[in-house]
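# Geometric and topological summary
Next come the chains, spelled out residue by residue.
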Amino acid sequence: MRLRVLRAGADAVLVETATGEETESLHAELLRRRAAGELAGVTEIVPAARTVLVCGLADPRAFGAEVAGWDVPPVPRGRGAAVEIAVRFDGPDLAEVAGLWGVPPREVAAIVTATPFRVAFCGFAPGFGYLTGLPDRLHVPRRAEPRTAVPAGSVALAGPYAGVYPRSSPGGWQVIGTTGAALWDAAREPAALLSPGTEVRFTEVAR
Amino acid sequence: MSAGPTDRTLLVVRAGALTTVQDLGRPGHAHLGVPRSGALDGPALRAANRLVGNPAGAAGLETTVNGCALRPSYAVTVAVTGAPSPVRIDGRPAAWGASVRVPGGALLEVGTAAPGLRCYLAVAGGVAVPPVLGSRSTDLLSGLGPAPLADGDVLPVGPVPGTGADTGTGTAAGARGADVLPLPGPGPELVLPVARGPRDDWFTADAFRTLFGGGYIVSPASNRIGLRTRGPALRRARGGELPSEGMVLGAVQVPPDGRPVVFLADHPTTGGYPVIGVVPEGSLPAAAQSPPGTPVRFVPVSTR
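Residues numbered from 1 in each chain as written. Chains lettered and ligands numbered in written order. Predicted model: local features only at pLDDT ≥ 70, side-chain atom pairs only at ≥ 80, totals over all residues. Heavy atoms only, no water.

In the nomenclature of an unreviewed UniProt entry, chain B corresponds to Biotin-dependent carboxylase uncharacterized domain-containing protein from the organism Actinacidiphila alni.

For chain A, an unreviewed UniProt entry supplies the name Sensor histidine kinase inhibitor, KipI family and the organism Actinacidiphila alni.

### Concerning the confidence of the model for chain B
Low pLDDT marks regions whose predicted coordinates should not be analysed in detail. Residues and elements named next belong to chain B. Here chain B averages 91 in pLDDT, while 89% of its residues score no lower than 70. Predicted confidence for residues 164-178 stays below pLDDT 50, and this span has 33 contacts to residues more than four positions away or in other chains. In the predicted complex, the global pTM is 0.92; the interface-specific ipTM is 0.94. (pLDDT = per-residue confidence, 0-100. Contact = heavy atoms within 4.5 Å.)

### A few points about the sheet that holds strand S17 (residues 261-263) of chain B
Strand order in the closed barrel made by the seven strands is S12-S19-S16-S17-S14-S13-S20 (chain B), with mixed pairing throughout. The mean angle between the axes of side-by-side strands here comes to 40°, regardless of whether they run parallel or antiparallel. (Pairing = 2+ DSSP bridges. Helix = DSSP H or I, 4+ residues; strand = E, 2+ residues; numbered from the N terminus. Axes fitted to C-alpha atoms, helices over the stretch in contact; angles between N-to-C directions.)

### Some thoughts on the interface of chain A and chain B
Contacts between chain A and chain B engage 36 residues on the former and 28 residues on the latter. On inspection of chain A and its partner chain B, the count reaches two salt bridges. Across the pair Arg4 of chain A and Asp201 of chain B runs a salt bridge whose closest N-O atoms are separated by 2.8 Å. Counting the contacts that link chain A with chain B gives six residue pairs in polar contact (both at pLDDT 80 or more). Listed by contribution, the elements that provide at least two residues to the side of chain A that touches chain B are strand S1 (4-7), strand S2 (12-16), strand S3 (44-47), strand S4 (51-55) and helix H2 (60-67) of chain A. With four residues, the single largest contributor to the side of chain A that touches chain B is S3 of chain A. Grouping the constituent residues of the side of chain A that touches chain B by class yields 23 nonpolar, six polar and seven charged. (Salt bridge = Lys/Arg side-chain N within 4 Å of Asp/Glu carboxyl O. Polar contact = N/O pair within 3.5 Å; in protein donor to acceptor, adjacent residues only side chain to side chain. Nonpolar A, V, L, I, M, F, W, Y, C, P; charged D, E, K, R; others polar.)

### Re the domain arrangement of chain A
Reports often express the size of an interface as the amount of accessible area lost when the parts come together. Residues and elements named next belong to chain A. With domains assigned, chain A is organised as domain 1 (4-67) and domain 2 (82-204). Carbon and sulfur atoms make up 49% of the surface buried where domain 1 meets domain 2, a total of about 540 Å² over both sides. Counting every contact that joins domain 1 to domain 2 gives two salt bridges. Across the pair Arg118 and Glu24 runs a salt bridge whose closest N-O atoms are separated by 2.7 Å. Linking domain 1 with domain 2 are two residue pairs in polar contact (both at pLDDT 80 or more), by the criterion used here. Considering every element that reaches the side of domain 1 that touches domain 2, the biggest residue donor is helix H1 (residues 20-35), with three residues. Across the side of domain 1 that touches domain 2, the residue classes tally to three nonpolar, one polar and two charged. (Domains from an automatic or database assignment. Buried area = accessible area lost by both parts, 1.4 Å probe.)

### Topic: the domain arrangement of chain B
Residue and element names in this part refer to chain B. With domains assigned, chain B is organised as domain 1 (9-156) and domain 2 (190-301). Its C-alpha centre places domain 1 at a distance of 28 Å from the equivalent point of domain 2. Listed by partner, the interface residues are 23 residues for domain 1 and 17 residues for domain 2. Taking both partners together, domain 1 and domain 2 bury about 1500 Å²; carbon and sulfur atoms supply 58% of that area. Ranking the residues of domain 1 by area buried against domain 2 places Arg36, Leu40 and Leu141 at the top, with a combined share of 39%. Here Arg36 ties to Glu281 by a salt bridge, and the two come within 4.0 Å at their closest N and O atoms. Remark: the boundary between domain 1 and domain 2 carries 11 residue pairs in polar contact (both at pLDDT 80 or more). Residues that form the side of domain 1 that touches domain 2 fall into these classes: 11 nonpolar, seven polar and five charged.

### Considering the pattern of salt bridges
Counted according to the given criterion, the structure contains 20 salt bridges over all chains. Among the salt bridges present, the one from Glu189 of chain B reaches Arg297 of chain B, with a minimum N-O distance of 2.9 Å. Taken together, the residues span a long stretch of sequence, with Glu189 of chain B in the loop between strand S11 (154-156) and strand S12 (190-196) and Arg297 of chain B in strand S20 (residues 295-301) at a distance of 108 residues. One salt-bridge network, held together by shared partners, links Arg4 and Glu16 of chain A together with Arg199, Asp201 and Glu245 of chain B.

### Here we look at unusual backbone geometry
Note: most peptide bonds trans; most residues except glycine with negative phi. Backbone torsion omega between Glu189 of chain A and Pro190 of chain A reads 0°, so that peptide bond is classified as cis. Even without being a glycine, Ser37 of chain B presents a positive backbone phi close to 55°. Tracing the sequence through the fold places Ser37 of chain B in the loop between strand S2 (20-22) and helix H1 (42-51). Looking at Ser37 of chain B, the relative accessible area reads 3%, which means it is buried. Look at Val65 of chain B: it is not a glycine, yet its phi comes out positive at around 65°. If you trace the backbone, Val65 of chain B turns up in the loop between strand S3 (60-64) and strand S4 (68-72). (Buried < 20%, exposed > 50% of the residue type's maximum accessible area, 1.4 Å probe, protein only.)

Right, here's the structure in full:
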């Protein structure tokens, strides 16, 4: 894995990989090393689309040199315990997505529930996870016209990602269904249902 | 005789332009999309807490421009720091930057800040709203923590530390001698050191000459999320989109209009516009205290 290390201020580096899959593997490796006590002082490990930000480094230059030499194993999908999210496949963009996929609308649920997803990273709003796992041919564009309000619990697709809106917000993703799962509950421990690295399975509930 | 927790309150008589509950924030949750939040002028909040005998991380109030007015239900010790501002108790002048006793039922007023924007009001015992992910801070980006104060709100206050009692007569008086206050107020210009990266390669050499060549002022669109600027646009060396990536506190992000934005406490945890450089954390309190129109001078610094 070729890694590019970029400085981000006095105590942080941004480590860039060539693909999203590599980013997920690098993130898993960072978590593994932190759990093993190797990353003393690190305050944040923030994965994103092609990068992982590591903050709280006493010597970012030395860390950058070290990380470039790491052997980062790929992380297989669908092996760990998965968070199950029950979905009613009744979204307003279901037919549109089915059309893009070239399948009948009822097949969308079958494809999505058969796909092992994983949270690549979080962002946009607390509790929102960017889920990867859909093969390239099932990637769909954003809606040409974003909606001013996408309801909480909307299950949606855009680009390589699937996601669930933790609360009502504007959004341009293609909404294929809804879930009653609480993606974010400040009174719960942990508050976020999904965090980077979490395996996710969607299940279908009857309409 | 001990009063119950609901007997220790602050009634918000005048909320002011934007007054929020702030402590030192909730760092460590950026991977969940949760901003760090917390007082924009952290040293000022710490100083206020020290003056009233609180731990450094106790929650206080951050006011914006025109202060606020509160009526405590019981005799409390408070301190106002940050931007200098007139402090009054039932109309009589009281000390800024010092531990002050407010009788129960009296009106505590914090007036207009000058120079600077944000005052910090600490109360012995701390503002005791329920914490979210270990912090009581209001996060204006993601909506975590209590809403900004509104007239008529009632804020609970915690017990005075170190006494186990809540009569308000505890250790605060002993902290009166805590005289280490950060220097108040911004200067006539805001000087912001910038360490290049992580996306300096997205900009032309000319963009750096522009950035460090002056000509920027603080924009009135600045807020707790970021210090926005007005001035010359920074030219990119390349087009295209940057996949979303993690953002650090102090990141100087350059949106499509080319005017740099310096990320403050409520900044988004990830972003898709390139970051040309990073302002060290120690320079951000001054940024948060600089009113719109303040000249901004970015100066290059190197990283180790």
